[in-house]
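Fold and geometry: a report
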Amino acid sequence: MKKRTKRRIIWGVVALAFILALVVIFKPKTSGPLDGVAKDVFLVKQETVQKRTLKHELLMSGSIKALEEATLFPRVNGKLLKNVLREGDAVKKNQTVSLIERDEVGAVYEPVVVPSTITGVVGRVYLDPGANVTVSTPVALVVNQEKVRVAVDIPERYIGEIYKGQPATLRVDALPGKEFEAKLTIISPVVDSTSRAVAVEFYADNTKGLLKSGMFAKVDITLSEKTNAVSVSKQSVYTDEETNETYVFVPSADGKTAVRRNVKTGFINSNHLEVSEGLSAGEQVLTFTYGLKDGSKIELEK
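Predicted model only: the values in this text are computed from it and were never measured. (Residues numbered from 1 in each chain as written. Predicted model: local features only at pLDDT ≥ 70, side-chain atom pairs only at ≥ 80, totals over all residues. Heavy atoms only, no water.)

**Structural notes on the overall build of the chain**
Along the backbone of the chain there are one helix and 20 strands. Within the chain, the fraction of its 302 residues that count as buried is 33%. Across the chain, every contact between residues at least 6 apart in sequence was considered, and the portion connecting residues at least 24 apart equals 70%. As presented, the chain carries roughly 19,700 Å² of accessible surface, and 53% of it is formed by carbon and sulfur atoms. (Helix = DSSP H or I, 4+ residues; strand = E, 2+ residues; numbered from the N terminus. Buried < 20%, exposed > 50% of the residue type's maximum accessible area, 1.4 Å probe, protein only. Contact = heavy atoms within 4.5 Å. Areas by Shrake-Rupley, 256 points an atom, 1.4 Å probe, with all protein chains shown as cover.)

Next up, the structure:
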């Protein structure tokens, strides 16, 4: 009985394996993007050579600060008697912001004023009336935000490409889609020996008050640019490792073969590359395809 049971199990396993093999052999094939394309034919995409304005840009980030900021301190020790002004109130230079009551037993004095040292807006009031203060206790913050500044560090290698008055674009996450014109106003005369960077400041007009001190900002400065540059995507340009020649592939007249064409390149940025010789605007080039060679059979992807 044991032998018969063992034989049945073996024949059952063999039958199951045979059935699975038949399923694999006769299983219908699902369609794919390469169906109908011969194995020795490359399915390729193409792009149009265009004239573009190519820019070499440097993107930096920093925090926005008001052009002028002043932290106000009492002139005497005592108690905060009153906040004359609150956050958002306009204030002129020497105008009273707070009043301090002297803390001296047995003597009565007139309240001591805490004046603003600049013209601007009260940004913060730090204390409530009755709080003890000393000459080192900050009472209020006044800011002049008609103009704002952003301090950033620019790597040493770009020093030769920056100058005072250079235009830049400022963006903040809090105001998506908005751009603000800024100018490079201050360039430090020294390079930090540790970071190998130079400290600079960009100024931007803020008469509408949209930019707030403390906001995180991105500053985009154009170091150089080339207008009307005949260009293609960087990935579409190849370099011959043996001859160091640069080239692209273009479709043959009948669109069935890849044709190598040597080109000369010029201006380059993060996405595109200028082709100074070898291509004209409006022509088609094949985008990067691994293994593509001169004379390879191709099929253009619709």
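What follows picks up the thread again.
**Some details on the pattern of salt bridges**
A full pass over the atoms with the stated rule returns eleven salt bridges. Of the charged contacts in the structure, one is a salt bridge between Glu-87 and Arg-86, with a shortest N-O distance of 3.8 Å. When the shortest N-O distance is used, the salt bridge between Glu-245 and Arg-260 registers 3.2 Å. Of this pair, Glu-245 sits in the loop between β15 (238-239) and β16 (246-251) while Arg-260 is found in strand β17 (residues 258-268), placing the two residues 15 residues apart along the sequence. In this structure, a network of salt bridges that share partners links the residues Arg-171, Glu-179 and Asp-220. (Salt bridge = Lys/Arg side-chain N within 4 Å of Asp/Glu carboxyl O.)

**Here's the deal with the sheet that holds strand β4 (residues 78-83)**
On the basis of which strands lie adjacent, the open sheet formed by four strands has the order β7-β6-β4-β9 and antiparallel pairing. Whereas interior strands pair on both sides, the edge strands pair on one side only; in this sheet they are β7 (112-115) and β9 (132-133). (Pairing = 2+ DSSP bridges.)

**Regarding the side chain of Ser-296**
For Ser-296, the location among the structural elements is in the loop between β19 (284-286) and β20 (297-300). Residue Ser-296 is classed as buried on the basis of its relative accessible area, which comes to 12%. At a separation of 2.9 Å, a polar atom in the side chain of Ser-296 contacts the main-chain amide nitrogen of Lys-293. (Polar contact = N/O pair within 3.5 Å; in protein donor to acceptor, adjacent residues only side chain to side chain.)

**Details of the nonpolar core**
Most often, soluble globular proteins have nonpolar side chains that are buried together. Membership of the largest hydrophobic core comes to 26 residues, with the highest contact counts inside it found for Ile-64, Ile-154, Leu-170 and Phe-202. With near-sequence residues (within four places) excluded, Leu-170 lies in contact with Ile-64, Val-150, Lys-178, Glu-179, Phe-180, Ala-182, Ala-204, Leu-211, Ala-217 and Lys-218. (Core = buried A, V, L, I, M, F, W, Y, C linked by side-chain atoms within 4.5 Å.)

**Comments concerning the packing of aromatic side chains**
This model, assessed by the stated rule, comprises four aromatic pairs. Centroid distance Tyr-238 to Phe-249: 5.1 Å. Interplanar angle 70°. Geometry classified as edge-to-face. Of the two residues, Tyr-238 is situated in strand β15 and Phe-249 in strand β16; the sequence distance between them amounts to eleven residues. For the pair shown, Tyr-238 and Phe-249 are each scored as buried. Put simply, the rings of Tyr-238, Tyr-247, Phe-249 and Phe-288 pair up and form one aromatic cluster. Geometry around Tyr-109 places Arg-102 over its ring, the cationic atom sitting 4.8 Å from the centre. Positioned above the aromatic ring of Tyr-247 is the side chain of Arg-260, whose terminal nitrogen or guanidinium carbon lies 3.9 Å from the ring centre. (Phe/Tyr/Trp six-rings, centres within 6.5 Å; stacked < 30°, edge-to-face > 60°. Lys NZ or Arg CZ within 6 Å of the ring centre and 35° of its normal.)

**Description of the pairing of strand β13 (residues 197-205)**
Pairing analysis gives nine bridges linking strand β10 (residues 140-155) to β13, with the strands arranged antiparallel. Bridging across to β13, Lys-147 finds its partner in Asp-205. When strand β12 (residues 180-187) meets β13, the two strands line up antiparallel, connected through five bridges. Paired with Ile-187 across the strands is Val-200, a residue of β13.

**Comments concerning the environment of Val-232**
Examined against the element boundaries, Val-232 turns out to sit in strand β14 (residues 216-233). For the pair Val-232 and Thr-48, spaced 184 residues apart in the sequence, the C-alpha separation amounts to 7.6 Å. Every residue in contact with Val-232, bar those within four places of it in the chain, is listed here: Glu-47, Val-49, Arg-52, Val-237, Asn-271, His-272, Leu-273, Val-275, Leu-279 and Val-285.

**Structural notes on the pairing of β12**
Taken residue by residue, a regular strand's side chains alternate between the two faces of the sheet. Note that strand β11 (residues 167-172) and β12 share four bridges and pair antiparallel. Looking across to β12, one finds that Pro-167 is bridged to Lys-183.

**A word on the side chain of Ser-252**
On the secondary structure map, Ser-252 appears in the loop between β16 and β17. Residue Ser-252 is classed as buried on the basis of its relative accessible area, which comes to 17%. Filtering out sequence-adjacent residues up to four positions away, Ser-252 remains in contact with Thr-257 and Val-259.

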